[in-house]
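# Chains, contacts and geometry: an overview
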Amino acid sequence: MPKSNVLIVDDEPQMVKTLRVSLSVAGHNVLTAGTAAEVFPILRREEIDTVILDLGLPDRDGKEVIADVRQFSDVPIIVLSARHMEGEKISALDAGASDYINKPFSMGELLARLRVALRLRHANGRGTAYRGHGLSIDFMARRVVARDREVYLTPKEFDLVRILAEHAGQVVTRNALLAALWGTGDRDSQGLRVLVGQVRQKIEAVPGSPALILTEPGVGYRLRAESDEPAGIVG
């Protein structure tokens, strides 16, 4: 299995040091974040294969981080936490965690769970394109074609379209989009509305009456799904 990028999210320096050394020796590339606010910029910037997450972060509860990540990414999340209550474990798994390990823990067990997560990750694969409703998106090439015409999108505009396309037919909440696009520190809903409007101007046949990027009032946005006509993620 090729080297994987593992993101450690924990605010305890000694724990981070221990994990970094052990994972590096095991052949993984290690990135770290000490707060929830640091997580989303890293996930936007890097190809992360697995996240190891402590729930007790200084700026936000880890379960909220899991829920927001799940709005735009299927990256495996292994919770590593001192919270032993069954309710905490169930809540974290319901929020979208892939696995849950109690502290203190065995490094051998953690490495074994990590290998399982990575095997599932590579077995499942990831879509590389979206096609439907006159819209074609190549995620790798960052290329967008609307109604047989190539469209130039800014990096932020493309990231918005990519997130919606990866969840075609599903509502992506405003908070999840704000977290993915700007990080948890920026909750400017008006900025998101402006960004959506800019993208609609470029890809919609009639921007004032959008048929691709649909608004779910009070919740967020969704890209029209395969059920509306043949469309979706292709691998």
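Residues numbered from 1 in each chain as written. Predicted model: local features only at pLDDT ≥ 70, side-chain atom pairs only at ≥ 80, totals over all residues. Heavy atoms only, no water.

A few words now on the overall build of the protein chain. When helices and strands are counted, the protein chain shows eight helices and 13 strands. A buried classification covers 46% of the 235 residues belonging to the protein chain. Pairs at least 24 apart in sequence give 60% of the contacts found in the protein chain among residues at least 6 apart. Surface accessibility of the protein chain: about 11,300 Å² in total, with carbon and sulfur atoms responsible for 50%. (Helix = DSSP H or I, 4+ residues; strand = E, 2+ residues; numbered from the N terminus. Buried < 20%, exposed > 50% of the residue type's maximum accessible area, 1.4 Å probe, protein only. Contact = heavy atoms within 4.5 Å. Areas by Shrake-Rupley, 256 points an atom, 1.4 Å probe, with all protein chains shown as cover.)

Ordered by their spatial adjacency, five strands build an open sheet running β2-β1-β3-β4-β5, and the pairing between neighbours is parallel. Of all strands in the sheet, those with a lone pairing partner are β2 (29-33) and β5 (99-102), marking the two edges. Between one strand axis and the next, the sheet turns by 20° as a mean value, whatever way the strands run. One ladder, built from five bridges, connects strand β1 (residues 5-9) with β2; its direction is parallel. Counted as the bridge partner of L7 is L31 from β2. Together, β1, β2 and β3 (50-53) form the strand contacts of helix α2 (residues 36-45), whose direction differs from that of β2 by roughly 140°. (Pairing = 2+ DSSP bridges. Axes fitted to C-alpha atoms, helices over the stretch in contact; angles between N-to-C directions.)

Moving on, we get to the sheet that holds strand β10 (residues 172-173). To summarise the sheet geometry, strands pair through backbone hydrogen bonds and adopt either a parallel or an antiparallel arrangement. The strand order β10-β12-β11 describes an open sheet built from three strands, whose pairing is antiparallel. Looking along the sheet, the strands with just one partner apiece sit at the ends: β10 and β11 (213-216). As paired strands, β10 and strand β12 (residues 220-223) are joined by two bridges and run antiparallel to one another. Counterpart to V172 in the pairing with β12 is Y221. Packed on one face of the sheet, helix α8 (residues 189-203) meets β11 and β12 and runs near 150° to β11.

Now for the nonpolar core. By size, the foremost hydrophobic cluster in this structure holds 54 residues, and its most contacted members are L7, V51, L135, I137, L160 and I203. Look past the residues within four positions of L160 in its chain and what remains in contact with it is L177, L181, L192, L195, V196 and V199. (Core = buried A, V, L, I, M, F, W, Y, C linked by side-chain atoms within 4.5 Å.)

Next up on the list: the pattern of salt bridges. Following the criterion strictly, the structure yields 18 salt bridges and no others. Measuring nitrogen to oxygen at the nearest pair gives 3.1 Å for the salt bridge that ties R60 to E64. Classification of R60 by relative accessible area gives buried; the value is 18%. Taking the shortest distance from any N to any O, the salt bridge between R162 and D159 comes out at 3.9 Å. Here R162 pairs with D159, and both are found in helix α6 (residues 155-166), just three residues apart, close to one helical turn. Looking at D159, the relative accessible area reads 16%, which means it is buried. When salt bridges that share partners are traced, they join D10, E12, D54 and K103 into one network. (Salt bridge = Lys/Arg side-chain N within 4 Å of Asp/Glu carboxyl O.)

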